[in-house]
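# Close look at the chain arrangement
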Amino acid sequence: LQVDMWQPSSTFHIIEGTVTDVRVPQNTSRSLLSYLQQANIQYTILISDLQKAIENQTGLRSHRNRRSLSEYNYEVYHSLDEIQSWMYHLNKTHSDLVHMFSVGRSYEGRQLFVLKLGKGSRPYKKAVWIDCGIHAREWIGPAFCQWFVKEALQTYQTDPAMRKMLTQLYFYIMPVFNVDGYHFSWTNDRFWRKTRSKNTRFRCHGVDANRNWKVKWCDEGASFHPCDDTYCGPFPESEPEVKAVAHFLRKHRKQIKAYLSFHAYAQMLLYPYSYKYATIPNFSCVESAAYNAVNALQSAYGIRYRYGPASSTLYVSSGSSMDWAYKNGIPYAFAFELRDTGHFGFLLPEMLIKPTCTETMLAVKNITLHLLKKCH
């Protein structure tokens, strides 16, 4: 729960015993702290100057060569324009392994670009779908998608595991799923989550793109109210971004064997179901893949991820992309919740991009190689 505005006279209902993040305007911070002390409420200041932390990530810093594609920096966050220029550049310079295409357009008319990665050695190959940035403010997701592509291209010649992956599989990688929302999080509201579609009856914008899928749509864990962060939309696949990706996945569902979606934050590896407490039919195969993946991840820096069904490991949510993918015949469907566990939250510092992506890469490689084995 995040309370965006503090006023001493205002009242909000917070359940006793829960942890609450509060973003406080600078001019009212003293009155809030005074109130908390008087009320004997324990508090910790996580980020002392939130505005400065935001500006550090979004500020234009020319000395970092953000726009230089030949020296592209994978250890900083990039704007949508920079990411799309990077995709064009790879498509042109690595045509033997990379093919860029669009699955459609967003609500505001932006192209929904995907990179197809792999060696075109045979006409039919199994495939893995990877998407990042369904929720706009979770910037570490798009950073990981770019990191994955970089690692694949740089280590293809030298790493036997990567060579095997790119020879035997195709990877469809969508670095920014929610392009309109991601752009908005850079220009207007760093903590924006949803898409940017307009609602005719309310002044609120956007739909939660991870509650808009046609699987137990708008049930528990989703909201019918357009102003809520978990608004499920007026109907399933109402968002052009969701509709476009769902159409592509349906069209290629016989080929795609794994669906991986990257979110933040919680340090978890989740698998179906999200919308109910029940065991999936191929539980043992998926569970062993998750167990091995979190162990591989932990081997890098000792970061321990919790893993399990999303409903019991995180919370119940309906209309998620992961459940939809599984229900539509993709046997391995996972959602990663990347670093951290709440100290920095969505404002994960750029210095943590490299360790986060390095350890996540080990988990993804582990899951991918698991696909290439027979699991009964």
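Residues numbered from 1 in each chain as written. Predicted model: local features only at pLDDT ≥ 70, side-chain atom pairs only at ≥ 80, totals over all residues. Heavy atoms only, no water.

### Concerning the packing of helix 3 (residues 80-93) against helix 6 (residues 179-187)
- The N-to-C vectors of helix 3 and helix 6 enclose an angle of 130 degrees; their axes lie 9 Å apart at closest approach. One element, helix 3, and the other, helix 6, form an angle in the oblique class. In contact with Leu 80, Ile 83 and Gln 84 of helix 3, helix 6 contributes Val 179, Tyr 182 and His 183.
- Taken together, the residues that form the contact of helix 3 with helix 6 break down as four nonpolar, two polar and no charged. (Axes fitted to C-alpha atoms, helices over the stretch in contact; angles between N-to-C directions. Helix = DSSP H or I, 4+ residues; strand = E, 2+ residues; numbered from the N terminus. Parallel < 35°, antiparallel > 145°, perpendicular 65-115°, else oblique. Contact = heavy atoms within 4.5 Å. Nonpolar A, V, L, I, M, F, W, Y, C, P; charged D, E, K, R; others polar.)

### Regarding the UniProt feature "domain: Peptidase M14" (unreviewed entry) in the protein
- Per the UniProt annotation, the sites labelled "domain: Peptidase M14" (unreviewed entry) are residues 76-371.
- Across residues 76-371, the secondary structure splits into 37% helix and 18% strand, with the terminal C-alpha atoms separated by 31 Å. (UniProt positions renumbered as here; feature names shortened; annotations may be inferred.)

### Some words on the pattern of salt bridges
- Scanning the entire structure with this criterion turns up nine salt bridges.
- Ionic pairing is found between Glu 151 and Lys 150, a salt bridge with its closest N-O pair at 2.8 Å.
- Taking the shortest distance from any N to any O, the salt bridge between Lys 365 and Asp 159 comes out at 2.5 Å. With Lys 365 in helix 11 (residues 353-371) and Asp 159 in the loop between helix 4 (140-155) and helix 5 (160-168), this residue pair connects regions lying 206 residues apart in the sequence.
- A cluster of three or more residues bridged by salt bridges with shared partners is formed by Glu 108, Arg 110 and Asp 180. (Salt bridge = Lys/Arg side-chain N within 4 Å of Asp/Glu carboxyl O.)

### Describing the packing of helix 3 against helix 4
- Interhelical geometry of helix 3 versus helix 4 gives an angle of 20 degrees and a closest axis separation of 12 Å. Here helix 4 runs roughly parallel to helix 3, going by the angle between their axes. When the axes of helix 3 and helix 4 are compared, the crossing they make is left-handed. On the side of helix 3, the interface is formed by Ile 83, Trp 86 and Leu 90, while helix 4 contributes Pro 142, Gln 146, Val 149 and Leu 153.
- Taken together, the residues of the contact of helix 3 with helix 4 sort by class into six nonpolar, one polar and no charged. (Left-handed = near helix turned anticlockwise from the far one by under 90°.)

### Brief notes about the confidence of the model for the protein
- Put simply, the protein has an average pLDDT of 91, and 92% of its residues get 70 or more.
- Segment residues 1-12: pLDDT under 50, and 25 contacts once partners within four positions in sequence are set aside and those in other chains are kept.
- The low-confidence segment residues 61-65 (pLDDT under 50) makes seven contacts with residues lying over four places distant or belonging to another chain. (pLDDT = per-residue confidence, 0-100.)

### So, the UniProt feature "active site" (unreviewed entry) in the protein
- Sequence positions flagged by UniProt for "active site" (unreviewed entry) are, in local numbering, Glu 337.
- Mapped onto the fold, Glu 337 is located in strand 10 (residues 332-338).
- The contacts of Glu 337, once residues within four sequence positions are left out, are His 263, Ala 264, Tyr 265, Ala 266, Gln 267, Met 268, Leu 270, Tyr 305 and Leu 314.

### Describing the packing of aromatic side chains
- Under the criterion given, the structure shown has 26 aromatic pairs.
- Judged by centre distance (4.6 Å) and plane angle (35 degrees), the rings of Phe 144 and Phe 262 are tilted. With Phe 144 in helix 4 and Phe 262 in strand 7 (residues 256-264), this residue pair connects regions lying 118 residues apart in the sequence. Of the two residues examined, Phe 144 and Phe 262, each falls in the buried class.
- Centre to centre, the rings of Phe 148 and Phe 171 are 5.2 Å apart; their planes meet at 50 degrees, and the pair counts as tilted. Of this pair, Phe 148 sits in helix 4 while Phe 171 sits in strand 6 (residues 169-174), placing them 23 residues apart in sequence. Summarising the burial analysis for this pair, Phe 148 and Phe 171 share the class buried.
- Put simply, the rings of Phe 144, Phe 148, Phe 171, Phe 262 and Phe 336 touch in pairs and so form one group of aromatic residues. (Phe/Tyr/Trp six-rings, centres within 6.5 Å; stacked < 30°, edge-to-face > 60°. Buried < 20%, exposed > 50% of the residue type's maximum accessible area, 1.4 Å probe, protein only.)

### So, the nonpolar core
- With 102 residues, the main nonpolar core has Leu 117, Trp 129, Ile 130, Phe 148, Phe 171 and Phe 334 as its most contacted residues.
- Looking at which element gives the most residues to this core, the answer is helix 4, with nine residues.
- Not counting residues within four places of it along the chain, the set of residues in contact with Phe 148 comprises Leu 117, Ile 130, Met 165, Phe 171, Ile 173, Met 361 and Val 364. (Core = buried A, V, L, I, M, F, W, Y, C linked by side-chain atoms within 4.5 Å.)

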